[in-house]
Amino acid sequence: FADLQIKQVKEIVSTGGMGVDPAKDPKSSGDHLSPSSFHSMLKGGSADDIVLIDVRNRWEYALGHFKTQNLLAQDPDTKTYAEFKRFVDRNYKDWKGKNVMMYCTGGIRCETASAYLRQKGVERVAQLEGGIHAYLEEFGSEGYFKGKNFVFDQRV
């Protein structure tokens, strides 16, 4: 491995300068909802009381996202996760006083995203524990996730 280089980096995935670190303060991120709790909230929720946010990029959203009769996940229309901060900065005031539910592929991006929302004053923030992957293991095609879930090892 003559070309092997090891570097210490501040972030594995750039957060775009959110300035949050859930690893140092685990209570800063959103409440973790099991796939069954997440499903129940979607089943009984409406756009009047729930904001459903897909933390992934526009390409992943286009492949698949959560949709119920009364709720459609918001697409942050980002190319990379570093752009998610701008999406929050433009919209967080509209989310105050509502239940914000978010999800991503496996739950990692939601840790910083939910902490950033809480830092902006959005109090009721929850995230899908284990992400879409865990939800699909429990509900499969019978659940509210419609389409495909992209993962980084070429499975879809």
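Since the structure is predicted, the reported quantities are computational estimates derived from the model, not experimental observations.

## Some thoughts on the packing of helix H1 (residues 35-44) against helix H5 (residues 131-139)
And step 1. The contact between H1 and H5 brings their axes to 9 Å, and the two run at 85°. Taken together, the axis directions place H1 and H5 in an arrangement best described as roughly perpendicular. Every residue of H5 that contacts H1 at Pro-35, Ser-36, Phe-38 and His-39 is listed here: Ala-134, Tyr-135, Glu-138 and Phe-139.
And step 2. Each residue belonging to the contact of H1 with H5 can be placed in one class, and the counts come to five nonpolar, two polar and one charged.

## Some remarks on the packing of aromatic side chains
The description of an aromatic ring pair rests on the distance of the ring centres and on the angle between the ring planes.
And step 1. On inspection of all chains with the given rule, the structure shows eleven aromatic pairs.
And step 2. For the pair Trp-59 and Phe-150, a centre-to-centre distance of 4.8 Å together with 80° between the ring planes defines the contact as edge-to-face. Taken as a pair, Trp-59 in helix H2 (residues 58-63) and Phe-150 in the segment after strand S6 (145-147) lie far apart in primary sequence, 91 residues in all.
And step 3. The class of Phe-150 is buried, set by a relative accessible area of 15%.
And step 4. Ring geometry for Phe-66 versus Tyr-103: centroids 4.6 Å apart, planes at 75°, classification edge-to-face. One end of the pair, Phe-66, is in strand S3 (residues 64-66); the other, Tyr-103, is in strand S4 (residues 99-103), and 37 residues separate them in sequence.
And step 5. A relative accessible area of 0% places Phe-66 in the buried class.

## Regarding the nonpolar core
If you look at soluble globular proteins, the nonpolar side chains tend to sit buried side by side.
And step 1. Counting residues in each nonpolar core, the largest one holds 21 residues, and the members touching the most others are Ile-53, Val-55, Phe-84, Trp-95, Val-100, Met-102 and Leu-117.
And step 2. Every element with two or more residues in this core is listed here: strand S2 (50-54), helix H3 (84-95), S4 and helix H4 (108-119).
And step 3. Setting aside residues up to four positions removed in sequence, Met-102 forms contacts with Phe-38, Ile-53, Val-55, Cys-110, Ala-113, Ser-114, Leu-117, Val-125, Ala-126, Gln-127 and Leu-128.

## So, the pattern of salt bridges
And step 1. Tallying each qualifying case throughout the model produces seven salt bridges.
And step 2. Ionic pairing is found between Lys-120 and Asp-89, a salt bridge with its closest N-O pair at 3.4 Å. Of this pair, Lys-120 sits in the loop between H4 and strand S5 (125-128) while Asp-89 sits in helix H3, and the two are 31 residues apart along the sequence.
And step 3. You can call Asp-89 partly exposed: its relative accessible area is 29%.

Calculation notes
- Residues numbered from 1 in each chain as written.
- Predicted model: local features only at pLDDT ≥ 70, side-chain atom pairs only at ≥ 80, totals over all residues.
- Heavy atoms only, no water.
- Axes fitted to C-alpha atoms, helices over the stretch in contact; angles between N-to-C directions.
- Helix = DSSP H or I, 4+ residues; strand = E, 2+ residues; numbered from the N terminus.
- Parallel < 35°, antiparallel > 145°, perpendicular 65-115°, else oblique.
- Contact = heavy atoms within 4.5 Å.
- Nonpolar A, V, L, I, M, F, W, Y, C, P; charged D, E, K, R; others polar.
- Phe/Tyr/Trp six-rings, centres within 6.5 Å; stacked < 30°, edge-to-face > 60°.
- Buried < 20%, exposed > 50% of the residue type's maximum accessible area, 1.4 Å probe, protein only.
- Core = buried A, V, L, I, M, F, W, Y, C linked by side-chain atoms within 4.5 Å.
- Salt bridge = Lys/Arg side-chain N within 4 Å of Asp/Glu carboxyl O.

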